[in-house]
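Coordinates in review
Chain by chain, the residues:
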Amino acid sequence: GLLHEELRLLLDTALPPKRRKVLLGVGDAKMGAAVLEELGVQCQTGGVVAELLRGEWGRGDAGDSWSRAGPRARGDPRPAGIRLHFPALVRGLTAQSAAKAQLGLGHSYSRAKVKFNVHRVDNMIIQSISLLDQLDKDINTFSMRVREWYGYHFPELIKIVPENSMYCRVAKFIGNRRELSEESLEGLEEIVMDSAKARAILEASRSSMGMDISPLDLINIESFSRRVISLSEYRRGLQEYLRSKMSQVAPSLSALIGEVVGARLISHAGSLTNLAKYPASTVQILGAEKALFRALKTRGNTPKYGLIFHSTFIGRAAAKNKGRISRYLANKCTIASRIDCFSEVPTSVFGDKLREQVEERLAFYETGEPPRKNLEVMKEAVVEANEVVAEVKRRQEKKEKKKKKREKRRLEALAAAAEEAKEENSVMETEDNDVGAKKKKKKKKQQQPEESEPEEPEENGLQEEEEEEEEPLPKKKRKLVAEPEDEQEEEKKKKKKKKKKAVAQDSEED
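From a predicted model like this one, the values you see are computed outputs, not experimental measurements.

Reading the values: rules and limits
Residues numbered from 1 in each chain as written. Predicted model: local features only at pLDDT ≥ 70, side-chain atom pairs only at ≥ 80, totals over all residues. Heavy atoms only, no water. Helix = DSSP H or I, 4+ residues; strand = E, 2+ residues; numbered from the N terminus. Buried < 20%, exposed > 50% of the residue type's maximum accessible area, 1.4 Å probe, protein only. Contact = heavy atoms within 4.5 Å. Phe/Tyr/Trp six-rings, centres within 6.5 Å; stacked < 30°, edge-to-face > 60°. Axes fitted to C-alpha atoms, helices over the stretch in contact; angles between N-to-C directions. Parallel < 35°, antiparallel > 145°, perpendicular 65-115°, else oblique. Left-handed = near helix turned anticlockwise from the far one by under 90°. Nonpolar A, V, L, I, M, F, W, Y, C, P; charged D, E, K, R; others polar. pLDDT = per-residue confidence, 0-100. Patch = residues over 30% accessible without salt bridge, like charges linked within 9 Å, V, L, I, M, F, W, Y side chains within 5 Å. Areas by Shrake-Rupley, 256 points an atom, 1.4 Å probe, with all protein chains shown as cover. Salt bridge = Lys/Arg side-chain N within 4 Å of Asp/Glu carboxyl O. Core = buried A, V, L, I, M, F, W, Y, C linked by side-chain atoms within 4.5 Å. Domains from an automatic or database assignment.

Turning our attention to the overall build of the protein. The number of helices and strands found in the protein is 22 helices and four strands. Taken over 510 residues, the protein has a buried fraction of 28%. For the protein, restricting intrachain contacts to residue pairs at least 6 apart in sequence, the fraction spanning at least 24 positions comes to 55%.

Listed below in structure tokens is the structure:
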């Protein structure tokens, strides 16, 4: 029911200025009300408008009557479905782009309906709790294998170190028990966290009845122990991840019964939304379906609790009060799951208050002290939750402001860099222009004296070769150039001979 700015601009440009007599067909009634409120245009929804938008009209079998028979109807078809012929009605829009636009619109509509939030995805919780349970089974199996394998060499260690992960660490540290000495006591104390245990391990290694083991077998045992230790460390990290995800997705439920039990409830229900839809009686026996159906079949007693038995409250209650406290705890779990599922800003305030109520009910069963009324507790919780939500919103606003400032600074830096680049380009262009102008002036100056010098006549081939530095001539041209040079030398010799003869004749006459 919100009028987008682009739609408002389209209607302003398309509709005539006098809009009192205009009747606009709108497919959605809420959108029509928004258009009427914003622009003052009368809108019609449903009936003929829906058929015009969706359908294809054609002449049906009834002759003159018109029916929604499609383009293949007999007679004169008259298609008028705007949705079908939208690419033909809008200029520049193809059927392929229209299909892509419809798909994007459908995705955005579905996303808005679901209110998809990355930080509140319970699928990750379901997968992580399933992996956590599987890791527990695998680590237990592998640790038993290490116990049996290393027990052939050092059987007394099983009684001294009963914990699985610690046993694997100690077995990896010791290796061959014959090499254990007083110097390795500090390392044992760091692993076992107890000096008495470390001393007992050292004494037991000296008087052990285990068999000797080869170095190759020790290498295999140490590598397998290393794998088991890495798996236990990964399990610890996965549990921290699960705790953080539960604090984001279901903080009230995790504050009430713990992260692991809450994650198991969500996993068994399928999602947090499904768990919020369950009644308290279903949450109470969730995880005990086999026992429930067996009791119904044999007409025996139905189970009093399912997965919520793993919480600390039922174990602390007396045997006669276990059923009562499980019913009360299931009721509070249902309230907490609904608060987590449907609140915009999830907080752990309601979970803490609900936990206090369960504690008071336990004390009432034990001592008879009357607990507070639910109305009073919820009023206090609402006041505290409003304060927490206001604080969270204030922090979010500060983060958004900081983000906007960072974005603004980044844009300013980009703009400044672009301006500097433009200035550098302009400076480079001016320098290039100056260099080009100088080169042109030099060329003009060189051309002017060449034009002013007179052309000297070519005396012979030798002068041409000296003045013009050209490529070497081919053989034929070389011969042609060499012939006139020989003729000139012969003429000079003849002239010298004539001069000598003339000088000789003159001397004879004298």
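Okay, back to it.
Our focus in this paragraph is the packing of aromatic side chains. Here the structure, examined in full by the defined rule, presents five aromatic pairs. Taking 6.5 Å as the distance between ring centres and 65° as the angle between the ring planes, the aromatic pair formed by Tyr150 and Phe154 counts as edge-to-face. One exposure class covers both Tyr150 and Phe154, and it is buried. Counting every residue linked through ring pairs, the aromatic cluster contains Phe142, Trp149 and Phe224.

A separate point is the packing of helix 6 (residues 123-151) against helix 8 (residues 164-174). For any two helices packed against each other, one specifies the inter-axial angle together with the distance between the axes. Relative orientation of the contacting elements helix 6 and helix 8 amounts to 40°, with a least axis distance of 10 Å. Classified by the interaxial angle, the pair formed by helix 6 and helix 8 is oblique. For helix 6 against helix 8, the interelement crossing comes out left-handed. Contact residues: Asn140, Ser143, Val146, Arg147, Tyr150 and Gly151 in helix 6; Asn164, Tyr167, Cys168, Ala171 and Ile174 in helix 8. Residues belonging to the contact of helix 6 with helix 8 are distributed by class as follows: six nonpolar, four polar and one charged.

Once that is clear, we can look at the confidence of the model for the protein. Across the protein, pLDDT averages 81, with 83% of residues at or above 70. Within the model, the stretch residues 475-482 combines pLDDT values under 50 with four contacts to residues more than four positions away or in other chains.

On to unusual backbone geometry. A negative phi holds for most residues other than glycine; trans holds for most peptide bonds. Backbone geometry places Met193, a non-glycine residue, at a positive phi of 60°. With respect to the helices, strands and loops of the structure, Met193 is situated in the loop between helix 9 (185-192) and helix 10 (195-206). Of note, Arg299 is a non-glycine position whose phi angle comes to about 60°, a positive value. Along the chain, Arg299 falls in the loop between helix 16 (289-298) and helix 17 (312-316).

Further remarks concern a nonpolar patch on the surface. Among the surface-exposed residues, Val48, Leu52, Ile82, Phe86, Leu89 and Val90 lie close enough to one another that they form a single nonpolar patch of about 510 Å² accessible area. Those elements that place two or more of their residues in the nonpolar patch are helix 3 (48-54) and helix 4 (86-89). Looking at the secondary structure, you find Ile82 in the loop between strand 4 (66-67) and helix 4. Take Ile82: its relative accessible area is 33%, and that puts it in the partly exposed class.

Turning our eyes to something else, we now look at the environment of Glu51. Here Glu51 shows up in helix 3. In this structure, the C-alpha to C-alpha distance between Glu51 and Gly81, residues 30 residues apart in sequence, is 7.3 Å.

This part takes up the pattern of salt bridges. For the structure on display, the rule yields 18 salt bridges. One continuous salt-bridge network, built from bridges that share partners, spans Lys353, Glu356, Glu360, Arg372, Glu380 and Glu384.

This next bit is on the nonpolar core. Across soluble globular proteins, nonpolar side chains have a tendency to be buried as a group. If you look at the biggest cluster of nonpolar residues, it comprises 46 residues, and the most contacted ones within it are Leu253, Leu256, Ile257, Ile266, Leu275 and Leu329. A per-element tally of this core places helix 18 (residues 322-342) first, with eight residues. In terms of domain composition, this core takes at least three residues from each of domain 2 (124-239) and domain 3 (250-393). With residues up to four places along the chain from it excluded, the contact list for Ile266 reads Asp122, Ile126, Met246, Ala250, Leu253, Ser271, Leu272 and Leu275. Of all hydrophobic cores here, the second largest spans 25 residues; its members include Met166, Cys168, Ile174 and Ile213.

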